[in-house]
Amino acid sequence: MKNRASWDAGRFVQTLAYFDVIPFFGCIQRLIKAVIGDNQYKSSGEQKMGVILVAGATGGVGKRVVRRLVDRHYLVRALVRDVSRAREMLGDKVELFEGDITIPETLTAEMMLDVRAVICCTGVRPVEGDTQTREKYYQGIKFYMPEVVDSPEIVDYQGIANLVQVAGRYLPKADEKVIFDFTNPFADLKETWGAVDDVVMGGVSACEIRLISEGAAFAGNVSTANSGGFASVRTKNFEIPLNLTGYTGVELRVKGDGKRYKFILRSEGKWNGIGFSYSFDTEPNRWITVRIPFDEFIPVFRAKTVPDAKLELSSIYACQLMLSKFEYDGGLNPHFTPGGFALQVESIKAYGGAVKPQFIQISSAGVTRPGRPGINLEEEPPAVRMNNQLGGILTWKLRGEDAIRASGIPYMIIRPCALTEKEGGKALMLDQGDNIKGQISREDIAELCLQAISQPQAYNVTFEVKETDGAALANWQELFASLQADK
Ligand SMILES: NC(=O)c1ccc[n+]([C@@H]2O[C@H](COP(=O)([O-])OP(=O)(O)OC[C@H]3O[C@@H](n4cnc5c(N)ncnc54)[C@H](OP(=O)(O)O)[C@@H]3O)[C@@H](O)[C@H]2O)c1
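The structure presented is a predicted model; accordingly, all values stated were derived computationally and were not measured. (Residues numbered from 1 in each chain as written. Predicted model: local features only at pLDDT ≥ 70, side-chain atom pairs only at ≥ 80, totals over all residues. Heavy atoms only, no water.)

Chemist: Give me the packing of helix H3 (residues 60-71) against helix H10 (residues 442-454): which residues, what numbers.
Modeler: Two measures define how a pair of helices packs: the angle their axes make with one another and the distance between the axes. Packing of H3 against H10 leaves a shortest axis separation of 8 Å and a crossing angle of 50°. Relative to H10, H3 is oriented oblique. Pair H3 / H10 crosses with right-handed handedness. Contact residues: H3 offers Gly60, Val61, Arg64, Val65, Arg67, Arg68 and Leu69, while H10 offers Arg442, Glu443, Ile445, Ala446, Glu447, Cys449, Leu450 and Ile453. When its residues are assigned to classes, the contact of H3 with H10 shows 8 nonpolar, 1 polar and 6 charged. (Axes fitted to C-alpha atoms, helices over the stretch in contact; angles between N-to-C directions. Helix = DSSP H or I, 4+ residues; strand = E, 2+ residues; numbered from the N terminus. Parallel < 35°, antiparallel > 145°, perpendicular 65-115°, else oblique. Left-handed = near helix turned anticlockwise from the far one by under 90°. Contact = heavy atoms within 4.5 Å. Nonpolar A, V, L, I, M, F, W, Y, C, P; charged D, E, K, R; others polar.)

Chemist: Let's hear about the site of the ligand: which residues, and what values?
Modeler: The local shell around the ligand holds 26 residues, among which Thr58, Val61, Arg81, Asp100 and Thr122 are the closest. Between glycine 60 and the ligand, the recorded distance is 2.8 Å, taken from a backbone N or O atom to an oxygen atom. Between the ligand and valine 61, the relevant distance is 2.7 Å, taken from an oxygen atom to a main-chain nitrogen or oxygen of the residue. Its free accessible area being 920 Å², the ligand has 93% of it covered by the protein chains. Only H3, helix H5 (131-138) and strand S20 (418-420) provide two or more residues apiece to the shell around the ligand. Along the lines of polarity and charge, the residues of the shell around the ligand split into 11 nonpolar, 9 polar and 6 charged. (Near = heavy atom within 4 Å. Polar contact = N/O pair within 3.5 Å; in protein donor to acceptor, adjacent residues only side chain to side chain. Areas by Shrake-Rupley, 256 points an atom, 1.4 Å probe, with all protein chains shown as cover.)

Chemist: Explain unusual backbone geometry residue by residue, including any values.
Modeler: Peptide bonds are, in most cases, trans, and in most cases residues other than glycine have a negative phi. In the Ramachandran plot, aspartate 434 falls in the positive-phi region, its phi being about 60° despite a non-glycine side chain. One can find aspartate 434 in the loop between strand S21 (427-431) and strand S22 (439-441). The phi dihedral of asparagine 460 falls on the positive side, at around 55°, and the residue is not glycine. Of note, asparagine 460 is situated in the loop between H10 and strand S23 (461-468).

Next up, the structure:
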C-alpha cells in the first residue's frame, strides 16, 4: 500500500505567510502589528547579540552614549535612579532599570539579563549652583564650588566595586557571542522561530518550538507519508544580519533523544537559497555541547551538496534546526525513525572570537596626580588642585579603576580631560601615564565608548584622552592600536 496521508493546505499557507514568502500575507501581518502595537524592539541580528547596560545614563556623557546606541540599533538598558525622569530624558526605545550602584541589593540578576557589555558613566554630582556656574562647569571652564553632593568614596569607589562584582558574575565569556540563550526567555520566540515541515512539499510531519524550564524544546512528529520525512524550525531572516566574522564556529548546548539532527546557517536572505548544514548525533536524555567549526558546514540546496558555495560570515540571515530522514545527496540519516522526537536547546553561540572590552569605565585624567612627587599644583586642573576639598574624588576614582583592573573582566578605562558640551568629531589624542591636560567634548567620549564595545584591538587598557588640532578622526582601529595593555 502506498504511504499516503491527507495533506494540510492551511498549514502550508501558514508556513509561507510566517516567513513572508507570500508578501501579501506579510503585509497584512505588519499592518496588524502596526495597529495593535509592535514589541518594544524590532527583531534584528545585532539586537540578538545581547544588551548594553549603561550606568549613569542620565548624566552628560551617559545620555549621549544611550542616544548613539539606540541610533545604531543596539538593545540598551539604562541603570537609573529615577525612572520617570530618565524616561523623559532618554525616550522610549531604552529599557530602564531602577537601581543605585551604592546599594548592592538593587543590582540584581535581572539587571544583567542578556547583558554583554557595561558602559559606566557614573560620577558624584557637584553641588547645585546657579545656572551660570553650572554652565561653566559643563563647558569645562570652571569647576564647581569645592563641594560634591555624595561621597566619592561611596560612589566612585564602593559603587564601582559593587557594579564590577555583579557584572563579573553575569557577563558571558568574552570570546563568545550568544546568538540565542533560551534559558533567559525573551518574549518573541514565536516572533523569531517558526516551523518548516515537509508540509511545504506535500508531507504531513509537524513540529514546534516552545520555551520550557531548561530552555527551548524543538519537538513534534516526523512522518514519511506522502514521500515526506523532515521537520524543522527556522528563524525569520534577521533584519540586520549577524556578523560572525572572527569567530571559529557555532556551539550548541542540547539534550536529545539519540537521534541525528541538523543545524543549518543561511547567509543569503532568500527563502529558498543555499543552507550550510551540519549533522550531529545526540545522546538520549543527556546534555551535550556540540561545537561546529565554520569550515565543517556543508553547503546544500534541497539536501544536495553545492561544492563551491561559501558561507558569508559577515551576513548570517537565519538559523535552522532539523530532523530529516535524509543526509546529503540521497544518503539516509542512519539514526532516523519516524514518530515523535524532542531536542532541547539551551543556547546557540558563536565561539572562538576575538576578545572585546566588556566593562567600559569613564574615569578622569589626573587620578594618579594628587600627591605625586614633582606635580606643580598651580598648573594642574581644578579637580587635582582641590582633590582633598572634593572628598578625595580623584583618589577614589583611582580605587574604582583598581577594582575594575582586578576583576578579570576585559575592560577599557577612559580618562577624559575636562569635559565640554561642545560639538564632537574632533581630532583626539590618546596618552598613557596620566600626564596630559586639555578638554574633550562629551560627544566624543560617547563615540569612544561605542567604538570600544565593537573593537577587539584594545582591551585591558587605561588611557587619557583630549581633543587636539588637526583633522577629525578617520581610523579608530589605528588610534586604539597605539595603546599598551596594562601590566
Ligand atoms: N566634568 C569634567 O570635566 C570631568 C572630567 C573628567 C572626567 N569626568 C568624569 O566623567 C564621568 C561622566 O561625567 P558627566 O559629566 O557625564 O557626569 P554627570 O553628568 O554628573 O553624570 C553622572 C551620572 O552618574 C549617575 N549617578 C551618580 N551617583 C549614582 C549612583 N549612586 N547610582 C547610580 N547612578 C549614579 C547620575 O545619576 P542621576 O542623574 O540620578 O544623578 C548621572 O547619571 C564622571 O565620572 C565624571 O566625574 C568629568
